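Residues per chain, in single letters:
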Amino acid sequence: MRKRTLFRLAAGTVAAGAATLAYASLIERNMFTLRRYDVPVLPTDAEPLRVLHLSDLHMMPAQRRKQDWVASLAALDPDLVVVTGDNMAHPESVPGVLRALQPLLDLPGAFVFGSNDYTGPVLKNPFTYFLPDREYTEGTPLPYEELRDILTGAGWVDMNNARTSLKAGGREIELVGVDDPHIERDDYDAVAGPVSGDAALSIALSHSPEPAVLDRMAADGFGLLLAGHTHGGQVCVPGYGALVTNCGLPRSMARGLHRWPGSDSWLHVSAGLGTHPTAPIRFACPPEASILTLISR
């Protein structure tokens, strides 16, 4: 009787695990979700401004459902589109990324790249994400220059270690950005300095939300910090949250809107729209894009 009970428990555990894996790989990773946040960063009595934040598409050529969903976001009519990297996951990803972003390219936009814009993903042990000093392994080179040319050719600004301003929603917006700190391509020293004060709004971009970079952006007075990279944890435990962020950011800030500690700045971390192709699962963390409605303080 005892052996039979143990067998039933083991069989039940295996069945539950299989069902959870099936849900995470077949259902939740395709449950594209639009998040909405109000962010009080504008001057008093200013009209709201809407920012569409996209990140971590990790696009594979055949992912047409994801492409169609992203393209449909143009109907939201945002004032500004910001993309915080990791757009590709395959050497032939550019047409799929373009198909997704094409309806948005007529809008003002800005972008930075992530590690998976430069090189493709490689098979890895998922438990290595718990190691803070794990070695980064490069995969197949990806056509990032082709993607850069398409985006800048459409009028979007390349914010990889850059600083500029643009007009969106009838207002001047000051922007700063760094290339991906996760692979040490960032050079904030080249673009550092206090916000000018002439713009109605200041936004800082980074693919990986590394605290050392965000601290400097906030100290320079940038009111809104945007990042991705974490996938929100990708696999979360209900009631506990992300197990790991794959960067220096605390687990409690793995996704969503947060006040950046010790500053007046707000941080929004997108959980992103894709997954690592060798681990195509999400659990308690569906893929997402966000509409940030910027309002007066």
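Predicted model only: the values in this text are computed from it and were never measured.

A word on the sheet that holds strand β7 (residues 171-177)
- In space, the 6 strands of this open sheet follow the order β6-β7-β8-β9-β13-β12, with mixed pairing throughout. Only two strands of the sheet have a single partner each, and these edge strands are β6 (162-168) and β12 (256-259). Pairwise comparison of adjacent strand axes, ignoring direction, gives a mean angle of 25° for this sheet.
- Of the pairings in the sheet, the one linking β6 to β7 comprises 7 bridges and is antiparallel in character. Each bridged residue has a counterpart across the sheet, and for A168 the counterpart in β7 is R171.
- Across the sheet, helix α6 (residues 211-219) lies against β8 (201-205), β9 (224-227) and β13 (266-269), angled at about 155° from β9, the strand it touches most.

Topic: the nonpolar core
- Core analysis: the largest hydrophobic core is formed by 28 residues, its most contacted members being L52, L54, V70, V81, L101, L104 and W156.
- Looking at this core, the elements that each hand over two or more residues are β2 (49-54), β3 (80-84), α3 (94-101), α5 (144-153) and β14 (288-296).
- A total of 4 residues in this core trace back to one element, the largest contributor, which is α3.
- Apart from the residues lying within four places of it in its own chain, the contact partners of V81 are L52, L54, L104, L107, P108, G109, A110 and W156.
- Among the nonpolar cores identified, the runner-up in size contains 24 residues, and L175, W266, L292 and L294 belong to it.

Quick look at the pairing of β3
- The buried fraction of β3 amounts to 5 of the 5 residues, a majority that puts the element mostly inside the structure.
- Across 4 bridges, β2 lies against β3 in parallel orientation. Bridging from a neighbouring strand, L52 pairs with V81 of β3.
- For the crossover from β2 across helix α2 (residues 64-72) to β3, the handedness is right-handed.
- By the bridge criterion, 4 bridges tie β3 to strand β4 (residues 109-112) in an arrangement that is parallel. From the neighbouring strand, V81 faces β4, where its bridge partner is G109.

Reading guide: rules and limits
Residues numbered from 1 in each chain as written. Predicted model: local features only at pLDDT ≥ 70, side-chain atom pairs only at ≥ 80, totals over all residues. Heavy atoms only, no water. Pairing = 2+ DSSP bridges. Helix = DSSP H or I, 4+ residues; strand = E, 2+ residues; numbered from the N terminus. Axes fitted to C-alpha atoms, helices over the stretch in contact; angles between N-to-C directions. Contact = heavy atoms within 4.5 Å. Core = buried A, V, L, I, M, F, W, Y, C linked by side-chain atoms within 4.5 Å. Buried < 20%, exposed > 50% of the residue type's maximum accessible area, 1.4 Å probe, protein only. Right-handed = clockwise from strand over helix to strand, strands pointing away.

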